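Fold and contact review
Listed here are the chains, written in short residue letters.
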2 protein chains.
Amino acid sequence: MPTTPASSDDQQAPPSRRELNKAATRQAITDAALELLRAKGPGNFTVEDIADAAGISRRTFFNYFGSTDAALASIVHGFLDTAIQQLRLRPASEPMLESAQAALAALADPKAVAPLAELFTLTQQSPLMAHSELEAWDHCRAQVFAVARERLAGTPGGQDELYVHALAGSIISCGKAAMEVWFSRRGPDLTAGSLTELRQLLIESIALLGTGFAPSASPSATRSS
Amino acid sequence: MPTTPASSDDQQAPPSRRELNKAATRQAITDAALELLRAKGPGNFTVEDIADAAGISRRTFFNYFGSTDAALASIVHGFLDTAIQQLRLRPASEPMLESAQAALAALADPKAVAPLAELFTLTQQSPLMAHSELEAWDHCRAQVFAVARERLAGTPGGQDELYVHALAGSIISCGKAAMEVWFSRRGPDLTAGSLTELRQLLIESIALLGTGFAPSASPSATRSS
DNA sequence: GTGCAAACTTGCACGTAGTGTAATCATGTG
DNA sequence: CACATGATTACACTACGTGCAAGTTTGCAC
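Report follows, based on the coordinates.

**Description of the overall build of chain A**
When helices and strands are counted, chain A shows 9 helices and 0 strands. Relative to its full complement of 225 residues, chain A shows a buried share of 44%. By sequence separation, contacts in chain A at least 24 residues apart represent 64% of the contacts at least 6 residues apart. Accessible surface for chain A amounts to roughly 11,500 Å². Of this, 53% is attributable to carbon and sulfur atoms.

**Observations regarding the relation of the copies chain B and chain A**
Mapping chain B onto chain A calls for a rotation angle of 180° and an axial translation of 0.0 Å; the resulting RMSD is 0.1 Å. Each copy turns onto its partner about a two-fold axis. Measuring from the rotation axis to each C-alpha of chain B, the shortest distance belongs to glycine 212 of chain B, at 1.9 Å.

**Points about the protein's contact with DNA strand D**
In the region of DNA strand D, 22 residues are neighbours, and Thr60 and Tyr64 of chain A together with Arg17, Arg58 and Arg59 of chain B sit closest. Atoms of DNA strand D within 4 Å of the protein: sugar and phosphate make up 59%, bases the balance. Serine 57 of chain A has a polar backbone atom sitting 2.9 Å from a phosphate oxygen of DNA strand D. In this structure, a phosphate oxygen belonging to DNA strand D sits 3.2 Å away from a side-chain N or O atom of asparagine 21 of chain B. No other element matches the 5 residues that helix α3 (residues 58–64) of chain A contributes to the surface near DNA strand D.

**A look at the environment of leucine 208 of chain A**
With respect to the helices and strands, leucine 208 of chain A occurs in helix α9 (residues 192–210). Exposure remark for leucine 208 of chain A: the relative accessible area of 7% places this residue in the buried category. When residues no more than four places from it in sequence are discounted, the contact partners of leucine 208 of chain A are Phe213 of chain A together with Leu162, Tyr163 and Ala166 of chain B.

**Some points on the environment of valine 113 of chain A**
Residues and elements named next belong to chain A. When you line up the elements, valine 113 lands in helix α6 (residues 110–122). On the accessibility criterion, valine 113 (1% relative accessible area) is buried. Each C-alpha atom of the pair valine 113 and valine 76 lies 9.5 Å from the other, and the pair is 37 residues apart in sequence. Apart from residues no more than four positions distant in its own chain, valine 113 is found in contact with Phe79, Leu107, Leu190, Leu195 and Leu198.

**What to know about empty space enclosed by the protein**
As enumerated under the stated definition, the model contains 3 cavities of 30 Å³ or more in all. Here the largest cavity is characterised by a volume of approximately 330 Å³. As for the largest cavity, its lining consists of 22 residues, and the residues nearest its centre are Ser173 and Lys176 of chain A together with Ile172, Ser173 and Lys176 of chain B. Those elements giving two or more residues to the lining of the largest cavity turn out to be α7 (130–151) and α8 (161–186) of chain A together with α7 (130–151) and α8 (161–186) of chain B. Within the lining of the largest cavity, the residues separate by chemical class into 8 nonpolar, 6 polar and 8 charged. The set of elements that each furnish at least two residues to the lining of the second largest cavity consists of α4 (68–89), α5 (96–105), α7 and α8 of chain A. Residues belonging to the lining of the second largest cavity are distributed by class as follows: 16 nonpolar, 1 polar and 1 charged.

**Side note on the protein's contact with DNA strand C**
With respect to spatial proximity, 21 residues lie near DNA strand C, and among them Arg17, Arg58 and Arg59 of chain A together with Thr60 and Tyr64 of chain B are the closest. Close to the protein, within 4 Å, the atoms of DNA strand C belong to sugar or phosphate groups at a rate of 54%. A distance of 3.2 Å separates a phosphate oxygen of DNA strand C from a polar atom in the side chain of asparagine 21 of chain A. Here a phosphate oxygen of DNA strand C and a backbone polar atom of serine 57 of chain B are 3.2 Å apart. Of all elements in the fold, only α1 (17–40) and α3 of chain A together with α1 (17–40) and α3 (58–64) of chain B reach the threshold of two or more residues within the surface near DNA strand C. Considering each element in turn, the surface near DNA strand C owes the most residues, 5 residues, to α3 of chain B.

Rules behind the numbers
Residues numbered from 1 in each chain as written. Chains lettered and ligands numbered in written order. Predicted model: local features only at pLDDT ≥ 70, side-chain atom pairs only at ≥ 80, totals over all residues. Heavy atoms only, no water. Helix = DSSP H or I, 4+ residues; strand = E, 2+ residues; numbered from the N terminus. Buried < 20%, exposed > 50% of the residue type's maximum accessible area, 1.4 Å probe, protein only. Contact = heavy atoms within 4.5 Å. Areas by Shrake-Rupley, 256 points an atom, 1.4 Å probe, with all protein chains shown as cover. Least-squares fit on C-alpha atoms with pLDDT ≥ 70 in both. Near = heavy atom within 4 Å. Polar contact = N/O pair within 3.5 Å; in protein donor to acceptor, adjacent residues only side chain to side chain. 1 Å grid on protein atoms, 1.4 Å probe; cavity = no way out; pocket = protein on both sides within 12 Å on 5 of 7 lines; lining within 4 Å. Points joined across faces, edges and corners; volume = space filled by probe spheres on them. Nonpolar A, V, L, I, M, F, W, Y, C, P; charged D, E, K, R; others polar.

This is the structure in structure tokens:
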């Protein structure tokens, strides 16, 4: 039951000094990494550069992230984590695809996509980010899988592992596809019109899933039973 | 370039000595890497070990692969390349999902899955392979995308980039899901019954896609010992 | 064959990644 | 204040990945 937090990490206010320092350091690292990415481009700066800019030692950097990629991919993680957050807010009785649609549509928000959009534009045709980025999406897939498994535990056919795995993977793929198409069309454009198009794409991609990729489906027909 | 105009890459017999040597070296590297993986386990051997076992220098290893992961992931690449090969053999008039089903079903073959199954079992709970493996699947996704785009170029709605991207990604996700479920159920089991179950899972996962993950779809009797 | 050019391999050197370790410093607790 | 715990740091070390300048093999023309 998502109403009562069953997970252990739901501590809302432990503002101990240590936690605050750690969060601040983490933020300083990602900020420094992003700034260096802006200034020098992907692959043209080292961990030492980041640590130096963040005011920490090289060793400390590795206490927080395993690589420069991982530090930058934390942006993607943050974005996808909000997606999971949105997904968990949906009522458990709602069909999975509709929940996914709603959660994804909520992401077409300037505050959520802005960091991701910049990261994408800065690392566009560079495979340097590909590793950690694919990892981030896969991590999100695992989260969606967990939510779906939880929801479908009692429904007919919901015990089928294949169903849940395939569903979670397909949802992620469709979300990814929508983001990809949006970036290729609009680039770093964050205007209201562009975000509307993103929302449209996200909804439409899940709708394609729901209709089984029917070949003659007209776009923007988000009809579902 | 001796004879052919070489506009296309479909040269079936250029057995020049150089090409043969390169192929042999490449094979020696992957064989050595796999052997070391069997002997020492993931992460417990270096590039120098592989090069030494393959009878080449460390530097030459890096002329073929960018990392040990990449060398091992060539097995996954080989497997997925045969999948693409199967997919391209299907008639262009066939619906995409049916082609995918047929291509995937053809993969439930001992000769094709044996190397992959061993690799999976050897790197089961090790994230060391995750990077290159995810990359391999994504590369396959791009290939499926290319095939799908080519096929749907003239069909109604086929010009929609979103449709093609989402379709290709979902197909890959479903194939991946089927493989994952199969491994979790049967492990390195390559008996006829196990392969039949794999084929069943692959077909069923694509069928789920085709029906839009309809919740009332009758689950198959996959498990029958 | 001989000679040449292109491709491949190799050794070397260099910078960087990533990790173990022990000392030092900051923070929470009695 | 004293003490325990956790975080940062410096140091050292192995391994990765690459540029470079040789040396070696192959292809091709003469």
